[in-house]
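# Inside the fold
Chain by chain, the residues run as shown.
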Amino acid sequence: MNYIATNAPPAEKSKLVANSHSPLLQTTEHHFCAGCGEPVGIRILLEALSELSLVDGSIGVVGHGCYGGAVTTIDVDILQCLHGRAPSCATGIKRMRPESTVFTIQGDGDMVNEGLQEVLHTAARGENITCVLFNNGVFGDTGGQMTTTSVIGQRTKNSINGRDPAAHGFPIHISNLIASLEGSAYVARGAVHKAGAIAKTKRMLKRALSLQQQGAGFTMVEILTMCPTGWFVPVSEGGDYMADSMEKIYPVTVLKNIA
Ligand SMILES: Cc1ncc(C[n+]2csc(CCOP(=O)(O)OP(=O)(O)O)c2C)c(N)n1
Ligand code: SF4
Ligand SMILES: [Mg+2]
């Protein structure tokens, strides 16, 4: 085995983190809280678009949540829609511009609470778009309130003692629901709390976008994202908290792959 000599400085200097950001990000500054998973989700989505050479002509449609603030920093055409309506707006864009790669970014509050019927009908119609869901189990942007994906026992701003099915009902497993629809071609659930999960999730995004290029139909990638602020946990515990709570209920896996 060839070992790298450690008695001399490396031939190449380490890269600064700031130099590793996607060229599609126009700034290295952002508004997210420390430990937030959403900027990681945005980064791998941008990397997937770049690596598939899909940037030119790509159109993103975003909902309302913390991720919405990032749109002014991304060098991709973006439309922001009313809460929950992104899949319907993306439908219109894709039908008018079938040559474009059309994707959405929504949160769990936006997609599964505020606009559930939009994504269900879009998937059932088999629209040839890619929906990306940042699932952190809370309305992060408004302070950490319970969403329909909050897991049983999860502490949120309005379930201080934990989500109780008797009072709050049961979570909706949105990706399983979408996968059960005949119109969906590819449905996967990733996460961004570990390096391995990030790499796997990026492959899921590339697969979904590639299938859209092939005209396969509706594709979706749910990404579990940390929200230490809305979960009321220390920043350093966000990843472990996710592994102990959401990931157990929503495992990282490919739920449907037509090919
Ligand atoms: C009709 C309507 N409902 C609710 C809100 C408030 N609101 C804006 S962003 C947001 C949170 C969205 O949560 P989510 O989509 O999960 O994104 P996150 O902030 O967690 O990333 C809410 C409730 C609003 N502005 N208008
Ligand atoms: S509130 Fe949560 S989702 Fe919003 S930026 Fe902060 S950590 Fe991220
Ligand atoms: Mg959320």
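First, a word on scope: everything that follows refers to the structure included in this document. (Residues numbered from 1 in each chain as written. Chains lettered and ligands numbered in written order. Predicted model: local features only at pLDDT ≥ 70, side-chain atom pairs only at ≥ 80, totals over all residues. Heavy atoms only, no water.)

### Concerning the site of ligand 2
Near ligand 2, the surroundings consist of Phe 32, Cys 33, Cys 36, Glu 38, Cys 66, Asn 136, Gly 140, Cys 227, Pro 228 and Thr 229. Across the shell around ligand 2, the residue classes tally to 6 nonpolar, 3 polar and 1 charged. (Near = heavy atom within 4 Å. Nonpolar A, V, L, I, M, F, W, Y, C, P; charged D, E, K, R; others polar.)

### A closer look at the coordination of the magnesium ion (ligand 3)
Taken together, Asp 108 (OD), Asn 136 (OD1) and Val 138 (O) make up the full set of protein donors to the magnesium ion (ligand 3), lying 2.2 Å away. Written as a sequence motif, the donor residues of the magnesium ion (ligand 3) are D-x27-N-x1-V. Here the residue Asp 108 occupies a position in helix α3 (residues 108–114), and Val 138 occupies one in strand β5 (residues 138–139), the gap between them amounting to 30 residues. For Asp 108, a relative accessible area of 1% gives the class buried. (Donors = N, O, S within 2.8 Å, 3.2 Å for Na, K, Ca; no water. Helix = DSSP H or I, 4+ residues; strand = E, 2+ residues; numbered from the N terminus. Buried < 20%, exposed > 50% of the residue type's maximum accessible area, 1.4 Å probe, protein only.)

### Some thoughts on the environment of Lys 157
Looking at the element boundaries, Lys 157 is found in the loop between β6 (145–146) and α5 (165–168). Its relative accessible area of 44% is what places Lys 157 among the partly exposed residues. Separated by 97 residues in sequence, Lys 157 and Gly 60 place their C-alpha atoms 31 Å apart. Discounting chain neighbours no more than four positions away, the residues touching Lys 157 are Gly 143, Gly 144, Gln 145 and Phe 232. Within the local environment of Lys 157, its side chain forms a polar contact with the backbone oxygen of Gly 143, the two atoms lying 3.2 Å apart. (Contact = heavy atoms within 4.5 Å. Polar contact = N/O pair within 3.5 Å; in protein donor to acceptor, adjacent residues only side chain to side chain.)

### A look at helix α2 (residues 86–96)
Taken together, the buried positions of α2 are occupied by Ala 86, Pro 87, Ala 90, Thr 91, Ile 93 and Lys 94. Looking at the packing, one finds that the buried side of α2 touches β1 (59–62), β2 (77–80), β3 (102–107), α4 (116–124), β4 (130–135) and α7 (195–213).

### A look at the sheet that holds β1
Strands sit in the order β2-β1-β3-β4-β8-β7-β9 across an open sheet of 7 strands; the sheet is mixed. Lying at the two open borders of the sheet, with one neighbouring strand each, are β2 and β9 (253–257). Strand-to-strand, the axes of this sheet are offset by a mean angle of 15 degrees, without reference to chain direction. Of the pairings in the sheet, the one linking β4 to strand β8 (residues 218–224) comprises 6 bridges and is parallel in character. Residue pairing in the sheet places Asn 135 in a bridge with Leu 224 of β8. Helix α1 (residues 38–51) contacts β3 and β4 of the sheet and is inclined by roughly 160 degrees relative to β4. With respect to the sheet, α2 is in contact with β1, β2, β3 and β4, its orientation differing from that of β3 by roughly 175 degrees. (Pairing = 2+ DSSP bridges. Axes fitted to C-alpha atoms, helices over the stretch in contact; angles between N-to-C directions.)

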